[in-house]
Amino acid sequence: MNAPATTELPVVVIGAGPAGLAAAAHLTSRGIEPLVLEAGTAAAAAVRDWSHVRLFSTWGEVVDPAAEKLLAPTGWIRPDPATYPSGGDWADQYLQPLADVLGDKVRLGATVTGVSRAGRDRIVDADRETQPFVVHVAYADGREERLFARAVIDASGTWTSPSPAGGSGLPALGEKAAADRITYRVPDLKDPAVRARYAGRRTAVIGSGASAFTALAYLADLAKADDGTGTHAVWILRRGISGSTFGGGEADQLPARGALGLAAKAAVEAGHADAVTGFRTEAIERDSEGRPVLVGEDGRRLGAVDEVIVLTGFRPDLSFLSELRLGLDERLQAPVALAPLIDPNQHSCGTVSPHGHRELSHPEQGVYLVGMKSYGRAPTFLAMTGHEQVRSVAAAIAGDLDAADRVELALPDTGVCGGAGLFDAPDTQQADGGGCCAPAPEPQLVQLGTLAAVGAPAEETPAGGCCG
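Rules used throughout
Residues numbered from 1 in each chain as written. Predicted model: local features only at pLDDT ≥ 70, side-chain atom pairs only at ≥ 80, totals over all residues. Heavy atoms only, no water. Pairing = 2+ DSSP bridges. Helix = DSSP H or I, 4+ residues; strand = E, 2+ residues; numbered from the N terminus. Axes fitted to C-alpha atoms, helices over the stretch in contact; angles between N-to-C directions. Core = buried A, V, L, I, M, F, W, Y, C linked by side-chain atoms within 4.5 Å. Buried < 20%, exposed > 50% of the residue type's maximum accessible area, 1.4 Å probe, protein only. Contact = heavy atoms within 4.5 Å. Phe/Tyr/Trp six-rings, centres within 6.5 Å; stacked < 30°, edge-to-face > 60°.

Caption draft 1: Quick look at the sheet that holds strand β5 (residues 110-117). Here three strands make up an open sheet; going across it, the order is β5-β6-β7 and the pairing antiparallel. With one partner strand each, in any of the chains shown, β5 and β7 (144-149) form the two edges of the open sheet. With strand direction ignored, the average angle separating the axes of adjacent strands in the sheet is 25°. As paired elements, β5 and strand β6 (residues 133-139) share seven bridges and run antiparallel to each other. Across the sheet, the residue bridging to Arg117 is Phe133, located in β6.

Caption draft 2: Up close: the nonpolar core. Formed by 78 residues in total, the largest nonpolar core has its most connected members in Trp90 and Tyr94. In this view, Tyr94 contacts Trp59, Val62, Val63, Asp64, Ala67, Leu71, Trp76 and Asp89; residues no more than four positions away in its chain are not counted. Grouped together as the second largest cluster of nonpolar side chains are 21 residues, Leu37, Leu318, Leu326 and Leu369 included.

Caption draft 3: Layout of the packing of aromatic side chains. Applying the stated rule across the entire model yields five aromatic pairs. Measuring from centroid to centroid gives 6.0 Å for Trp76 and Tyr94, while their planes differ by 45°, and the two rings are tilted. Here Trp76, found in the loop between α3 (65-71) and α4 (87-102), pairs with Tyr94, found in helix α4; they are 18 residues apart in sequence, far enough to count as distant. Taking the relative accessible area as the measure of exposure, Trp76 reaches 15% and is therefore buried.

Dropping the structure here:
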């Protein structure tokens, strides 16, 4: 079968999440046919997995302008732009209606298993750029299909590839064997079965970002409930506690994001959690009752816990892109030109420079990684960044380079002086209580003094990663 002329082909968008659907909206507005391939059984499948978590971005910041224009003729009205949606709200009230408007341009149960150039593997140079992309798809009913595309926008995110508990980036020894006691998601404690799993038990929370804050606040709320007596968290940090550990607080220009860190701080200071600093997990063993025991790289063993919540970030799945010529940073696995702008050693969500198609491009012309996928392992992503990315990329695909290069985006500051935070800060830097880089001390158990709880109640605390 010969591939059709490239100009007659659609743009394949991988993933029907916030960035993917926004990309389809922008392509549609420019008269370009999108074809969105979603592995899940519904649009925004990944967002639905954390439907119980409230975003720290408002409705006004998580609705794409082109998508809103596409929805307007249906009578859709954006919810109060000053209010905070949960993941479920975002999916049900915006992302699903947007997928419905796109209609048959969105295919569900469609998993992309490979992307290449038609008739060209990654080592073949001849006429490469004149060939369309070929996309292999496996459907939920067992069918397989080969599709052709003029361009490919990978907005598949990183949700399906959580980072492990191991401090070296590899799974800790015994981590897979302890899978029955480990989750890599913020638990939904409003679900009776999930609530029973954590109520009255000792839970280790591994991680230092917004998701860890959320889990700590949720567990503290459970500890205060009638059915949660005895619930306690052990917060495992690979670094020390400094002025930036809990985020920017009241200095954060996203107030809900600042309140999230303050709520986690209150949980620790109220005694609902102990913080273990300078601990890098090497192994997860079992005690005589089958409970997980965390072992550090220095050989230190912590007391047994009943459950482990691993919230150490995510990483991109690049396996189905292996036949494409991608230019990725060796550390972050993000596009080479984008990586210095989002390096979490230097940047927080609010200090990332505006960027578009040029920073997202690869040696393989016509393929773009957008949304969370574009950030690789960096956790500093905001939804509004993704909207600007896909606007620029759609303009570039349409040949409107003036619009594609006109990247304008003002991001809210985190209130943190530098980056999102290192796991291991250099010993040469000083901790002054307000700095970003406290040296990691020897592993120790820390119980902070009691302070008044600050911020929203745990069950109302907006949460999620930088993208919500």
